[in-house]
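# Structural overview for review
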Amino acid sequence: MDAIGLITVSQLSTSPLQAQVDVLALTAFGDASKDGVFKSIDQALGGALSEVAKSESFEGKTGQLLSLHTHGKIPAKRVVVVGAGVRNDFTNPHVRDVTAALAQHANKVGATSVAFVLPALGAAREALLVQMAVEGLFLGTYKFGRYMTSDDSKKLPSLKAFGVISDIKGKKPNASQSKAFQAAVERGSTIAMAINHARDLINEPAAVVTPAALAADAQAIAKRHKGKITVTVLDPKKCSELGMGMFLAVGQGSDQEARFIHMTYKPAKKAKKKVCFVGKGVTFDSGGYSLKPSQAMEDMKIDMSGAAAVISAMDAIATLGSEYEIHAIAACCENLVSGRAYKLGDVLTSMDGTTVEINNTDAEGRLTLGDAITYARSKVQPDEIFDFATLTGACVIALGPYTAGVMSDHEGLVRNWMSTADRTGEDMWRLPLLSRLREQLKSPIADMRNTGDRNGGAITAGLFLKTFAKDTPWVHVDIAGPASTSSSRPSQPKGGTGFAVATIIEYATRH
Ligand code: BES
Ligand code: MN
Ligand code: ZN
């Protein structure tokens, strides 16, 4: 998997006009001409900055970029103004996009050092702003390039040093300011690395990221955090002993053996509560005998994005520390067609004893998750369960490609989750778990069937899972849309996005 070129981030105590860097960068909220820093730089450049802004009709919109040489008029070789949109809308994803676009530009022009003038949004927001800026830096320089063979694509990024100027008067930060800055940098880079790791797992072909490969990845993470994270991997024989009839049926058509992964993080002190994060880990979803058409199957290596999120988040959680006992659980398998594959009309017995008639082998995620949730509920006995799954196309129809569907009957818990997502800037929206729709899951020969009709497909999938969560406080997050993207933004190239990693980490580590 790709390593990102390391960039050191530091706090600069020089004023913008003194910074000796390849790129001096500042943000513009709309019209920049009234901004103090902009004016001082413009003045030092003899009005060249405002002139270029005018001729290139720079309006300070998010992602817009203005770049010019200083020709020795100030120590910085180049000045870059990055559009940041409307000041009041300068939310987390936009902050990330600004430094992401900046880092990409710096690499494009071969700059090794950048000094970034942090927009003044008040001392209270400064640490968060630094964290988001650092996240953007690492998220924006992510590239899944290991299968590109041209020399150009092998070129290492030039950017090595990223300095932040947070006090334009050029005063030295005091001890507590330095500490807060360092903590924000560590937090931002740790989170971004975990997101990029999830992206790698998602972007790798299904031939590489098999259930066994995901298990090996979880073990490698546990090894890096010896004493904090332990991992148990169950093979099909062990899963069969536990009665995971639904999970095993989905995986039985593949030559890649299924793996049930269970990672545990324990805090040094007595844990305040136990939280389970469950991820869907279908490493390839052909649909099974309810075979997907080729176009719908093309991208189905991403069907393990939930597993990638919960596994990758554990790495960051162990680095940052949590007061909770955290469990990451992923039932990993491949949904293929073969002489051994499960069929329509089969009746499966789940780990909790519920029998399920299969009327669509493409509704496989809920089968794997149902047993994973039963395992979590009965073996871990957690205070809370969250699951993350690329579960239904219906959720994408309902909410579009950028928003996750959140379903839960536990008001307090789901509100807490939604406000956490609000802080990280991951777009999530609640859907109702309307019990009347359960009618669709009635079977004439078993306790239930695995699929309803087209209408309300995201919700009937949620209702199916609720059967297994029972009374344990539980939140279901359908990430079928945002798990991968075909339209990039600076902090998010095409492909796997690592969606949910940031909110899982935030939930686990900010109490
Ligand atoms: N993995 C798919 C859902 C999916 C679709 C994820 C598009 C990402 C993008 C899931 O296993 C699936 O096939 N769901 C079916 C459910 C149906 C058979 C009830 C679907 O959405 O069509
Ligand atoms: Mn499917
Ligand atoms: Zn699937």
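The shown structure was predicted, so the numbers you read here are calculated from the model rather than taken from an experiment.

### Looking at the site of ligand 1
Taken together, 15 residues lie near ligand 1, and Lys-292, Asp-303, Asp-362, Glu-364 and Gly-393 sit nearest. A distance of 2.9 Å is found between a nitrogen atom of ligand 1 and a side-chain nitrogen or oxygen belonging to Asp-303. Asp-362 has a polar side-chain atom sitting 2.8 Å from an oxygen atom of ligand 1. By residue class, the composition of the shell around ligand 1 is 3 nonpolar, 5 polar and 7 charged.

### A short note on the sheet that holds strand E16 (residues 448–449)
The mixed open sheet is built from 3 strands, whose spatial order is E11-E12-E16. Each of the sheet's edge strands pairs with one partner strand only, and the pair in question is strand E11 (347–349) and E16.

### What to know about the side chain of Thr-509
Along the chain, Thr-509 falls in helix H16 (residues 501–509). Within the structure, Thr-509 has its side chain in polar contact with the backbone oxygen of Ile-505 (distance 2.7 Å).

### Some remarks on the coordination of the zinc ion (ligand 3)
Each donor-metal-donor angle would ideally measure 109.5 degrees in four-coordinate tetrahedral geometry, or 90 or 180 degrees in six-coordinate octahedral geometry. Only Lys-280 (NZ), Asp-285 (OD), Asp-303 (OD) and Glu-364 (OE) from the protein reach the zinc ion (ligand 3) as donors, at distances of 2.0 to 2.4 Å. Around the zinc ion (ligand 3) sit 6 donor atoms, and with donor-metal-donor angles ranging over 78 to 172° the site reads as octahedral. Taken in sequence order, the residues that donate to the zinc ion (ligand 3) follow the motif K-x4-D-x17-D-x60-E. If you look at the zinc ion (ligand 3) and the manganese ion (ligand 2), they sit 3.2 Å from each other and are both ligated by Asp-285. Residues Lys-280 and Asp-285 agree in their burial class; the two are buried.

### Thoughts on the domain arrangement of the protein
How big an interface is tends to be expressed through the accessible area that disappears when the partners come together. Here the protein is partitioned into domain 1 (2–167) and domain 2 (192–509). Inter-centroid distance (C-alpha atoms) of domain 1 to domain 2 is 37 Å. Contacts between the two partners involve 20 residues from domain 1, matched on the other side by 17 residues from domain 2. Carbon and sulfur atoms supply 54% of the area buried between domain 1 and domain 2, which totals about 1600 Å² over both sides. Contact with domain 2 buries area across many residues of domain 1, yet Asp-97, Leu-139 and Tyr-142 alone supply 38% of it, more than any other trio. One salt bridge connects Glu-204 with Arg-146, and the closest N-O pair in it is separated by 2.5 Å. Linking domain 1 to domain 2 there are 11 residue pairs in polar contact (both at pLDDT 80 or more). Of the residues assigned to the side of domain 1 that touches domain 2, the class counts are 11 nonpolar, 4 polar and 5 charged.

### Side note on the sheet that holds strand E4 (residues 78–83)
Working definition: the strands of a sheet are paired by backbone hydrogen bonds and lie parallel or antiparallel to each other. With mixed pairing, the 6 strands of this open sheet are ordered in space as E1-E6-E5-E2-E4-E3. In the strand order of this sheet, the two ends are held by strand E1 (8–12) and strand E3 (65–69), each with one partner. Direction aside, neighbouring strands of the sheet carry axes that sit 20° apart on average. By the bridge criterion, 5 bridges tie strand E5 (residues 113–117) to strand E6 (residues 161–165) in an arrangement that is parallel. Opposite Val-114, over in E6, you have Phe-162 as the bridge partner. Contacting strand E2 (23–28), E4 and E5, helix H1 (residues 36–44) crosses the sheet at an angle of about 135° to E2.

### Some details on the coordination of the manganese ion (ligand 2)
Ligation of the manganese ion (ligand 2) by protein atoms is provided by Asp-285 (OD), Asp-362 (O), Asp-362 (OD) and Glu-364 (OE), these donors lying 2.0 to 2.2 Å from the ion. Around the manganese ion (ligand 2), the 6 donor atoms sit at angles spanning 71 to 168°, and that spread fits a shape best called irregular. Read in sequence order, the donor residues coordinating the manganese ion (ligand 2) give the pattern D-x76-D-x1-E. Look at Asp-285 and you get buried, because its relative accessible area is 3%.

### Considering helix H7 (residues 211–224)
An ideal rise of 1.5 Å per residue puts 20 Å on 14 residues; H7 measures up with 20 Å between its terminal C-alpha atoms. Turning to H7, its buried residues number three or more, namely Pro-211, Leu-214, Ala-215, Asp-217, Ala-218, Ile-221 and Ala-222. What you see down the axis of H7 is that its buried residues fit within an arc of 155°, all on one side. Opposite the buried face of H7, at more than 90 degrees from it, the exposed residues are Lys-223 and Arg-224. Here the buried face of H7 lies against helix H6 (175–203), strand E7 (229–234), strand E8 (259–265), strand E9 (274–285), helix H11 (305–320) and strand E10 (325–335).

### So, the pairing of strand E13 (residues 384–389)
By the criterion of burial, E13 is predominantly enclosed, with 6 of the 6 residues buried. Every second residue of E13 is oriented toward a common face, with Glu-384, Phe-386 and Phe-388 on one face and Ile-385, Asp-387 and Ala-389 on the other, all of them buried. Summarising the sheet, E9 and E13 pair through 5 bridges and their orientation is parallel. From the neighbouring strand, Val-278 faces E13, where its bridge partner is Asp-387.

### Focus: the pattern of salt bridges
For the structure shown, the criterion picks out 23 salt bridges. Asp-362 is paired through a salt bridge with Lys-292; the nearest N and O atoms lie 2.9 Å apart. A residue pair is termed long-range when its members are at least 10 positions apart, and Asp-362 in the loop between strand E12 (355–357) and helix H12 (365–380) and Lys-292 in the loop between E9 and helix H10 (294–297) qualify at 70 residues. Taken together, the shared-partner salt bridges in this structure form one network comprising Arg-187, Arg-423, Glu-506 and Arg-510.

The rules behind the values
For every chain, the first residue of its written sequence is number 1, and the numbers climb from 1 along that sequence. For this description, chains carry letters from A and ligands carry numbers from 1, given in the order in which they are written. Residue-level local features of this predicted model are given only where pLDDT is at least 70; pairs of side-chain atoms are given and counted only at 80 or more, and the full residue set underlies all totals for whole chains, interfaces and linings. In computing side-chain properties, one takes all heavy atoms of the structure into account and sets aside hydrogens as well as water. A single heavy atom is enough: if one lies within 4 Å of a molecule or strand, its residue is considered near that molecule or strand. Side-chain atoms alone can form a polar contact between residues adjacent in sequence; in general such a contact is a pair of N or O atoms within 3.5 Å, and within protein one must be able to donate a hydrogen while the other accepts it. Each residue gets one label: Ala, Val, Leu, Ile, Met, Phe, Trp, Tyr, Cys and Pro are nonpolar, Asp, Glu, Lys and Arg are charged, and the others, such as Gly, are polar. A pair of strands is treated as paired once DSSP finds two or more bridges between them. Secondary structure elements follow DSSP: runs of H or I of four or more residues count as helices, runs of E of two or more count as strands, with numbering from the N terminus. Here the coordinating atoms are restricted to nitrogen, oxygen and sulfur within 2.8 Å of the metal centre, or 3.2 Å for Na, K and Ca, and because water is not among them the sites may look incomplete. Square planar and octahedral assignments, for four and six donors respectively, both demand that opposite donors be over 155 degrees apart and that all other angles lie between 65 and 115; tetrahedral needs four donors with all angles between 85 and 135 degrees, and anything else is irregular. Only protein chains enter the calculation, and the probe is 1.4 Å; a residue is then buried if its accessible area is under 20% of its type maximum, exposed if over 50%, and partly exposed in between. All domain edges in this entry derive from an automatic or database-based domain assignment. The contact criterion used is simple: two residues touch if any of their non-hydrogen atoms lie within 4.5 Å. Computed with a 1.4 Å rolling probe, the buried area is the accessible surface lost when two parts are put together, summed over both parts. Think of a salt bridge as a Lys or Arg side-chain nitrogen and an Asp or Glu carboxyl oxygen that are within 4 Å of each other. Lines fitted to C-alpha atoms define the axes, with helix axes restricted to the stretch in contact, and inter-axis angles between N-to-C directions lie between 0 and 180 degrees. Expected span, for any helix, means 1.5 Å times one less than how many residues it has. Here, the arc refers to the directions that run from the helix axis to the C-beta atoms.

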